[in-house]
Amino acid sequence: MTERSGVEVRLENLQRRYGAVVALDGLSLTIAPGELVALLGPSGCGKTTALRLLAGLEDADGGRVVVGGNDVTGLPANRRNVGMVFQAYSLFPHMVAWENVAFGLQMRKVGAAERKKRALETLELVGLDRYANRYASQMSGGQQQRVALARALAIRPQVLLLDEPLSALDAKVRGRLRDEIRRIQLEVGITTLFVTHDQEEALAIADRVGVMQSGKLEQLDSPVAVYSRPATPFVADFVGLTNRIPGEVKFGGVEVRGTQLPLVQKDVPAGAAIALVRPEAVTITGDGDASSGPLVGTVIAVAFLGATSRVTVDLGDITVLAQLPTSDAAEHPAGTKVKLALRPDPVLVDRHE
Amino acid sequence: MVDANGSLTLVNFGHLSREYIVKTTINTFSISAVTAIIGAVFGALLAYAISVGNPKGLLRRITLSASGVLAQFGGVTLAFAFIATIGPAGFVYLWFAQHHADFYANSIWLFELPGLALVYLYFQVPLMVLVFLPALDGIKPQWREATESLGGGTWHYWRYVAGPLLAPAFLGATLLLFANSFSAYATANALINQGQPVLAQQIGGALSGEVGTFEPGFAKAIAVEMVVIVTLVTVAYSLLQRRTTRWLQ
Amino acid sequence: MAAVTRGIQQTRRIKLEAFRAVVFVAAGIFFLVPIGAMFEFSTRGAGDQPRTLAAWQSIGTYPDLVAAIIASLELAAITTVAMLVLLVPTMVWVRLKLPRLRRIVEFICLLPLTIPAIVLVVGLFPLYNWMGNNFSDSILTLAFAYLVLVLPYSYRALDVGLAAIDVKTLSEAARSLGASWLTVMWRVIVPNISGAILNAAFLSVALVLGEYTLANNLLYNNLQVEIAMLGRANAGVSIAVAVASLLFAFAVLIAISFVGRSRRVRKEAITGLTGPLQGASS
């Protein structure tokens, strides 16, 4: 395991407004040295704004940005020594790959020969040394983004910032490049902030995931924790799939279609509520032909996802998703009646529809 | 090219070396070059001011529409507009003269080549705006931000990124302005009545026979000379244009 | 702490706005003052008399002038329609069926740019003489020559418009739904390039209305020629007409830029495309 280096990054109570619209509402976040934190959220949640404030491309209306112990809030972008990878179009079209990568070194007045040498080394790091003399227009989207990554890393920055770097790429390229980025980040050991709206991306590569909504951080935790122990209904809904099943809160838990489930939240007032149940918590216990009940229904569709399958079951008044090993799901194809059961995992409840 | 007997002759091309034609060619060249360069610089500044503004704003619409109209504006009315403004009886000149700044003290340059150059700028600058603005619009904001995050300031951005990217478009547009000025006839004719210092006027003169002799063959020779020059310029322009579209579209 | 420094971005924006203000004011002065001078001249009263719109009002009383205005407007209309009928189907067809020909068509359409108008006169003079003697000496025959002059500008404008829409997909979709080629052109393609068509039309109208060189040397009396001639007799009226034609052209172009906008808003909603403001290329 490579030694973790890199510096600590602290965002302290950042505020940003565009006229009447609040983009960031007191965001505070600490990234440990060498850690990769992913900011995840829907469009407009403020994740890109946070990144740009860290980069110095926009001015904060309040709060501080501290990199490696230094307050850089007042520093212009070109003095912050951060490496940034944009979503698209950021390579200079009139320069070949190695010239793009060497650009930051040129700004730091590194000599021509040394520049080229380091540029080629960094291109090798991202696996594109054979493309050193190609122009952006002669490369695919994935290759362009790798050059962009090399360009950001060549200057040996203190922090690496990635603004939805994979969103403009094909699905297949996205997966491969995502893992590449993580591999390189670990190898170099650089503190990284990765912004995305794709939760699969965030969960796959981050050390910690920060889920954001409307300028606020809803939860900052490891991927496993964000997925299996969501702190708020928004996180539960946004990360992974969720069944929203109406039930009633009583006796310290929530009764959902005949099953009593423990609650994640404390001090929830009794009454009607929506329980947020993960598909993995829904199991098929048997054929439903002979029985009836609140958890008996008909299979509408089975989606084959590889090792597991997702089964859509119509319970009459609502539709529920169950995720099971494919071999189990194969016994209940579309059209058959099944009986479901809910695992007694703690769940979140939501009051609104 | 065809003489009185109907057979081909190159005599008229020989006449192109007549001294006054050579002088006229030089005049036309220099006025075209001067108005092209000055028009290109001011036009580029104006285009830049437009491009950094609101892309859907009213100011942009108005300036582009005005450019579209004024780029076509020429001839008698343009000449007259300038005469009315800074001519010997124009109100701007009179105001300056009353304040002891008589700029026609040596000669009334409005009716000579310098005046013609000034008047040409009136349609050269809008033409530059129309031709150069698309290139400016093609500059992506990410390039500026990438430059900054890599440690470059404003000067670095223009010197290493935006400058080289816009250079072909700027050069191409300047060439187009040159060709435009070189071909202009109506305005020159309206402003300068004596001497016909511009090549285009020489053709007109040779055709109409009002000044000097009626020499249609010679007019054609001058015409060929002009076409050759303008064609070379236009070819150079389209080569540069291709480079621009590759980078900025 | 951050609130104390004004912020680098804000400082930069302020400097940019100052630069823009200076540029626009300077440009405004350079371009508007001569037009103001023309307007001022055309409204002068004789001797010590007050300002008057007499020159403007008397435009209608000069028969030659009125005839020239009408002739120029007719020429503009004929040239524009002919240009559209010629170019739109050809360009669409070349894009769809004959992409090899594209370079050739482009070259032909750009060729007139290399020929200064005065040079064109040299070539056309004998032709127009012959036509005048054998066919018609109506000024409307100038439309042929104007069509050639207008090609480069209109081609560029239409090309930009066609490039912004997916001609191939649109026409294939229409054809698969049973449309004839005429329907495809008229009801599918044309509405989607309306901005570019208006642009091309405007450039064509502006050019024809402002054209002097060919008309003068081929001995026809169009608007600009008549303005020049009238200028020697009654400058006020001639200037008034010139200012009027400028304002007319300006109004038309602004109107077109708004039509372009509503189309683009809808297009953006559908395809997420943004393009340069139409009218940017001449």
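Details of the structure are given in the entry above.
Rules and cut-offs
- Residues numbered from 1 in each chain as written.
- Chains lettered and ligands numbered in written order.
- Predicted model: local features only at pLDDT ≥ 70, side-chain atom pairs only at ≥ 80, totals over all residues.
- Heavy atoms only, no water.
- Pairing = 2+ DSSP bridges.
- Helix = DSSP H or I, 4+ residues; strand = E, 2+ residues; numbered from the N terminus.
- Axes fitted to C-alpha atoms, helices over the stretch in contact; angles between N-to-C directions.
- Contact = heavy atoms within 4.5 Å.
- Buried area = accessible area lost by both parts, 1.4 Å probe.
- Salt bridge = Lys/Arg side-chain N within 4 Å of Asp/Glu carboxyl O.
- Polar contact = N/O pair within 3.5 Å; in protein donor to acceptor, adjacent residues only side chain to side chain.
- Nonpolar A, V, L, I, M, F, W, Y, C, P; charged D, E, K, R; others polar.
- Phe/Tyr/Trp six-rings, centres within 6.5 Å; stacked < 30°, edge-to-face > 60°.
- Buried < 20%, exposed > 50% of the residue type's maximum accessible area, 1.4 Å probe, protein only.
- Lys NZ or Arg CZ within 6 Å of the ring centre and 35° of its normal.
- Core = buried A, V, L, I, M, F, W, Y, C linked by side-chain atoms within 4.5 Å.

A. A look at the sheet that holds strand S13 (residues 259-262) of chain A. All names here are of chain A. Spatial ordering of the open sheet is given by S13-S12-S11-S14-S20, a layout of five strands whose pairing is antiparallel. In the strand order of this sheet, the two ends are held by S13 and strand S20 (348-350), each with one partner. Strand-to-strand twist of the sheet, defined as the mean angle between neighbouring strand axes without regard to direction, takes the value 45°. Where strand S14 (residues 271-277) meets S20, three bridges bridge the pair, whose relative direction is antiparallel. Residue Ile 274 lies in a different strand from S20, and its bridge partner there is Asp 350.

B. Representation of the interface of chain C and chain B in the model. On the side of chain B, 61 residues touch chain C, which itself brings 56 residues to the contact. Between chain C and chain B, the buried area comes to about 5000 Å², and carbon and sulfur atoms account for 75% of it. Counting across the chain C and chain B interface gives one salt bridge. The residue Arg 12 of chain C makes a salt bridge to Glu 148 of chain B at a minimum N-O spacing of 2.6 Å. Here chain C and chain B share four residue pairs in polar contact (both at pLDDT 80 or more) between them. Examining the composition of the side of chain C that touches chain B, we find that 17 residues originate from one element, helix H1 (residues 8-42) of chain C, more than from any other. Tallied by class, residues from the side of chain C that touches chain B come to 38 nonpolar, ten polar and eight charged.

C. Expanded view of the packing of aromatic side chains. This model, assessed by the stated rule, comprises 19 aromatic pairs over all chains. Measuring from ring centre to ring centre gives 5.4 Å for Tyr 120 of chain B and Phe 123 of chain B, while their planes differ by 45°; the resulting arrangement is tilted. Of this pair, Tyr 120 of chain B and Phe 123 of chain B both sit in helix H6 (residues 113-137), three residues apart, which is roughly one turn of the helix. Its relative accessible area of 0% is what places Tyr 120 of chain B among the buried residues. On the basis of relative accessibility, which here comes to 5%, the residue Phe 123 of chain B falls in the buried class. Between Phe 132 of chain B and Phe 170 of chain B the ring centres are 5.8 Å apart and the planes differ by 75°, which places this aromatic pair in the edge-to-face class. Here the residue Phe 132 of chain B occupies a position in helix H6, and Phe 170 of chain B occupies one in helix H8 (residues 154-183), the gap between them amounting to 38 residues. Judged by relative accessible area, which is 5%, Phe 132 of chain B ranks as buried. Through a chain of ring-to-ring contacts, three or more aromatic side chains come together here, namely Phe 92 and Phe 103 of chain A together with Trp 155 and Tyr 160 of chain B. The residue whose ring lies beneath Arg 151 of chain A is Phe 92 of chain A, and the NZ or CZ to ring-centre distance is 4.8 Å. Lying over the aromatic face of Tyr 227 of chain A, Arg 278 of chain A brings its terminal NZ or CZ to 4.4 Å of the ring centre.

D. The arrangement of the interface of chain B and chain A in detail. Counting from both sides, the interface comprises 18 residues of chain B and, opposite them, 22 residues of chain A. For the pair chain B and chain A, the summed buried area comes to about 2000 Å², and 67% of that belongs to carbon and sulfur atoms. Three residues stand out in chain B for area buried against chain A, namely Glu 145, Ser 149 and Leu 150 of chain B, and they jointly supply 34% of the buried area on that side. The tally of links from chain B across to chain A stands at one salt bridge. The salt bridge partner of Arg 52 of chain A is Glu 145 of chain B, with a shortest N-O separation of 2.6 Å.

E. Region of the structure containing the nonpolar core. In terms of nonpolar packing, the biggest core is built from 192 residues, with Leu 161 of chain A, Phe 132 and Ile 203 of chain B together with Leu 142 and Leu 214 of chain C touching the most fellow members. When residues in this core are grouped by element, the largest group, 16 residues, is from H6 of chain B. Once you skip the residues sitting within four places of it in the chain, Leu 161 of chain A turns out to touch Leu 51, Leu 54, Ala 55, Val 82, Gly 83, Met 84, Val 85 and Leu 193 of chain A. Judged by nonpolar contacts, the second largest core, of 43 residues, contains Ala 38, Ala 102, Leu 149 and Phe 194 of chain A.

So yeah, pure geometry; function would need other evidence.
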